[in-house]
Amino acid sequence: MQAKSLEVLEYNKILEKLSKMARSSLVKKQILDLKPSTDVGYLEDELEKTGAMAKVIARNGNIDIFGLYDFKEIVGYIRRNGILEPSDLLKILGLLRVSEYLKDYSKNIDDSYIADLFDRITTNDFLKEEIDRSILNEEDIADNASRELLAIRRSLRRKEEEIKNKLNSYVTSSKYEDALQDKVVSVRDGRYVVPIKTNKRSVINGIVHDKSASGNTLFIEPSAIVELNNQYKDLELKEDAEIRRILDRLSRLAQKFDVEILENQKIIARIDFLQAKAKFGLENDYSLPKLNQQKIINIKSAIHPLLPGKVVPIDVAIGGDYTTLIITGPNTGGKTVSLKTVGLITLMAQTALFIPADEGSTVNVFDDVFLDIGDKQSIEMSLSTFSASLTNIVDILNRVTSNSLVLLDEIGSGTDPIEGAALAISILSHLTEKEVMTFATTHYSELKYYAMENNRVMNASVEFNVNTLSPTYKLEIGTPGKSNAFEISKRLGLSEEILKKAKDLISDDTKNFNKILEQIEDDKYQMEAKNKEIEAYRREIQSIKDKLRNKSKEIDEAKAEIIKKAEERANEILDKANKESQAMLKEAKRSKNANTRDIDRSLNKIRNKFKDSYIEREEDRFGQTRAKDAPDELKVGDMIIVAGLNEKAEVIEGPDSKGNIKVQMGILKMDSNIKNVKKIEGVNQTEKNIKKVYSVKKAMNISASLDLRGQRYDEAMRNLDKYLDDAMLAGLDQAKIIHGKGTGALIKGVSENLKTDKRVKSYRFGDDEEGGYGVTIVKFS
């Protein structure tokens, strides 16, 4: 990849931002040394693994990488039987601690590659505990590192106390008061001494170890404690030897673990590297690109990742029918930024990084990126702007291939406009014929004509708001930029007379072309307005349809209620008449002259007449009515109509030996029999969900998604819990929780809540079409 292209597109600044996401200096350096790759297989695999790591940390939280150093020198030294210093052993201890932590972190990882990465880490509890027990810090060894060391240090403390007590007898004695410079005990060359005035040297017999800078004080080791000091020194030598033995023992334990140390370093660095790339994408709300080798670029809502503040996103599509895109528009309108955005996103994709564009954006993998976007070095070498640019373009034409990306800013500028335009067209024609994917910016109208006449070349423009005299930075593919010089001049106060003369000087072809551009722009705005109007009509029609559907349902329900009340009233009248008639006949039967046989016959007639006239409602016959088309067999999941109820239900428990089944209507579960149902074709899930909603609570209006973006953590978790309740009551089978990517706090909170929620059957991140890592799809139990 061209070093100049990396420099001009500021690729190194992306690496610097990425390196800040790494925890270890080892991986930070690795990131800063990255270069774009042309290996599609490697890139696709690396992007997949980066995406997998993003899902892991989004669900389980960031991975705390610590204790990672370059252990190659340390391992090489112990392999030569070298004895490590405490500082090096503490580095190994840090590696062992982070290895143990990572093993614990990996318990909740589902992705096979990431889980395998963590599984390959080796722990060594014995070595970790031995170093931890023995080494206090980079300079001190613990007393209990060995029994021998503990015994030696106890002897040292006793001997030191004995020496100090002996010397204190000199310091506190009135006999030596005049001879002492200070009543203190000092140490010189590892020997305990007392400060004596130089002129009193003869008072204390002993060895002089030092003299003060003024010469007035001698530091004398009294003869009486020489042997004690010798004994103390001997104990110090024993202590050093024992510490050396302890460090040697720990070094040999580490030597037996040498292969694992280097492998752990490699694996943990890999984890840190993948996490850095994943955090870089999640924290900036970037997405993973789709790669291709068909020379197609289709990036959606792309922004330049290094621009500060709010940046207007652009959509860029090139490839297929055309390989050259000519961008026109005003100065400072965003043409150069558009070129750099495409170039930098390409380099990021070919480094297997998340890119600043929407999900589903596609990037081609190029063998190289060439550009001509200013050349300060050539200008400093006394070449003109045109000469510097042309020298650069000549080099590009000599080295470019059909699978290269070429970015040319203000092609052909810096010379006579007619000749410059002709050269620009010729250069672009050459690149187009070689099928080189090319982006070029220009002010030349001739290039707009060229693009309109060549079906392998496409016009594009950056919009300019004439009313505000400012660019919108929006890139429009398929529309050439219209010159706004006259409109801007007019708004800035240039007289009509001068403007008229200027317009008269323009050729008819240019006038006609400008009129065509104006017409295209007008047509575009009219189409946008029409589309908005059509969309408004569509929403209005849908609203009317929904109202009519609801109204029809209300009418049907009202009609059914009226009929039900009428039938109930008729039955009440029949029941009353039946009871009164039977009471009268029973009373007549008690009469002495009554013909009981005739009365009984009349009673039977009345009963039968009542039975025939009684209006039996379907719900009254539930469980007793046999369906006309009862199925021979049913299985779990089959949809049926329950006779006597006329409601759709789902079989949730198959028929037993007597044909008894269990069915579910909405949230209602009931028993029935295979004889009392009719099998129907299954309904789609949407219809089923709608049915559930209306069967539970007709007035309920639950959305299939919950948006938590912008909410505080506690507020979001409360709203999530309430929504899960409502969604379950409404009978939803699944729902979408929108939490965005952000810093990952909401993602982790949602995941932790869903993980232990008994209402939730399963959950997962959305795919590209559903919103990627910005959403979680929940399925209910």
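Before reading on, note that the structure itself is shown above.
Residues numbered from 1 in each chain as written. Predicted model: local features only at pLDDT ≥ 70, side-chain atom pairs only at ≥ 80, totals over all residues. Heavy atoms only, no water.

> How do you make sense of the sheet that holds strand β1 (residues 186–188) when you look at a structure like this?
The four strands are arranged β1-β2-β4-β3 in an open sheet whose pairing can be described as antiparallel. Bordering the open sheet on either side are β1 and β3 (206–211), each of which pairs with just one other strand. Put simply, the sheet's adjacent strands are angled 50 degrees from each other on average, direction ignored. Alignment of strand β2 (residues 191–197) against strand β4 (residues 217–222), held across four bridges, turns out to be antiparallel. (Pairing = 2+ DSSP bridges. Helix = DSSP H or I, 4+ residues; strand = E, 2+ residues; numbered from the N terminus. Axes fitted to C-alpha atoms, helices over the stretch in contact; angles between N-to-C directions.)

> How should I be thinking about the packing of helix α4 (residues 40–60) against helix α23 (residues 745–755) in this particular structure?
Geometry of a packed helix pair, given as the angle between the helix axes and the separation of the axes. Across the interface, α4 lies against α23 with an axial gap of 6 Å and an inter-helix angle of 70 degrees. By the angle class used here, α4 and α23 are roughly perpendicular. Facing A58, R59 and N60 of α4, the residues of α23 in contact are I747, K748, S751 and K755. Split by residue class, the contact of α4 with α23 holds two nonpolar, two polar and three charged. (Parallel < 35°, antiparallel > 145°, perpendicular 65-115°, else oblique. Contact = heavy atoms within 4.5 Å. Nonpolar A, V, L, I, M, F, W, Y, C, P; charged D, E, K, R; others polar.)

> What exactly am I supposed to notice about the side chain of E46 here?
For E46, the location among the structural elements is in helix α4. Here R270 takes part through its side chain, which lies 2.7 Å from a polar atom of the side chain of E46. Residues in contact with E46, not counting those within four places in the same chain, are R270, F273, L274, K277 and A352. (Polar contact = N/O pair within 3.5 Å; in protein donor to acceptor, adjacent residues only side chain to side chain.)

> Honestly, the pattern of salt bridges in this entry has me stumped. Any pointers?
Side chains that differ in sign of charge can pair as their charged atoms come close. For the coordinates displayed, the defined rule picks out 35 salt bridges. Residue K164 is joined to E160 by a salt bridge in which the shortest nitrogen-to-oxygen separation is 3.5 Å. Taken together, the positions of K164 and E160, both in helix α9 (residues 147–172) and four residues apart, correspond to about one turn of that helix. Residue E160 is classed as partly exposed on the basis of its relative accessible area, which comes to 22%. One salt bridge in this structure joins D638 and K679, with 3.7 Å as the shortest N-O distance. Residue D638 is located in the loop between α20 (596–613) and β15 (639–642), and its partner K679 is located in strand β19 (residues 677–680); the two are separated by 41 residues in the primary sequence. With relative accessibility at 8%, the residue D638 sits in the buried group. Residue K679 is classed as partly exposed on the basis of its relative accessible area of 41%. One network of salt bridges, in which partners are shared, links D143, R153, R157 and E239. (Salt bridge = Lys/Arg side-chain N within 4 Å of Asp/Glu carboxyl O. Buried < 20%, exposed > 50% of the residue type's maximum accessible area, 1.4 Å probe, protein only.)

> Can you help me understand the nonpolar core in this one?
The tendency in soluble globular proteins is for nonpolar side chains to be buried side by side. Among the nonpolar cores identified, the biggest contains 108 residues, and M53, I63, I92, L102, I271 and F439 are the most heavily contacted of them. In terms of residues, this core owes the most to one element, helix α11 (residues 258–284), which gives 11 residues. Apart from residues lying up to four places away in sequence, M53 is in contact with I63, I114, I271, L274, Q275 and A278. Core analysis: the next-biggest nonpolar cluster, separate from the first, contains 20 residues, I326, V400, I427 and A440 among them. (Core = buried A, V, L, I, M, F, W, Y, C linked by side-chain atoms within 4.5 Å.)

> What am I meant to see in helix α2 (residues 11–19) here?
Side chains of residues three or four places apart in an α-helix project in the same direction, reflecting 3.6 residues per turn. Turning to α2, its buried residues are Y11, I14, L15, L18 and S19. Each buried residue of α2 lies within a common arc of 135 degrees when the element is viewed along its axis, so the set occupies one face. (Arc of directions from axis to C-beta.)

> Can you help me understand the packing of aromatic side chains in this one?
Given two aromatic rings, one states the distance between the centres and the angle between the planes to describe the pair. This model, assessed by the stated rule, comprises eight aromatic pairs. For the ring pair F280 and Y286, a centre distance of 5.5 Å and an interplane angle of 80 degrees mean the geometry is edge-to-face. With a relative accessible area of 5%, Y286 lands in the buried category. Judged by centre distance (5.8 Å) and plane angle (75 degrees), the rings of F765 and Y773 are edge-to-face. Each member of the pair, F765 together with Y773, is buried. Feature note: the residues F66, Y101, Y105 and F118 constitute an aromatic cluster, connected by ring pairs. (Phe/Tyr/Trp six-rings, centres within 6.5 Å; stacked < 30°, edge-to-face > 60°.)

> Help me understand the side chain of T323, please; the structure alone is not making it clear to me.
Checked against the element boundaries, T323 lands in the loop between β7 (314–319) and β8 (324–328). T323 sits in the buried class, given a relative accessible area of 4%. With residues near it in sequence (within four places) discarded, T323 still touches I318, T432, E435, V436, M437, T438 and R456.

> Mind showing me how you'd approach the environment of D104 here?
Tracing the sequence through the fold places D104 in helix α6 (residues 86–105). With a relative accessible area of 46%, D104 lands in the partly exposed category. On a C-alpha basis, the gap between D104 and F118 in space is 9.4 Å, while along the polypeptide they are 14 residues apart. A distance of 3.0 Å separates a polar atom in the side chain of D104 from a polar atom in the side chain of K107.

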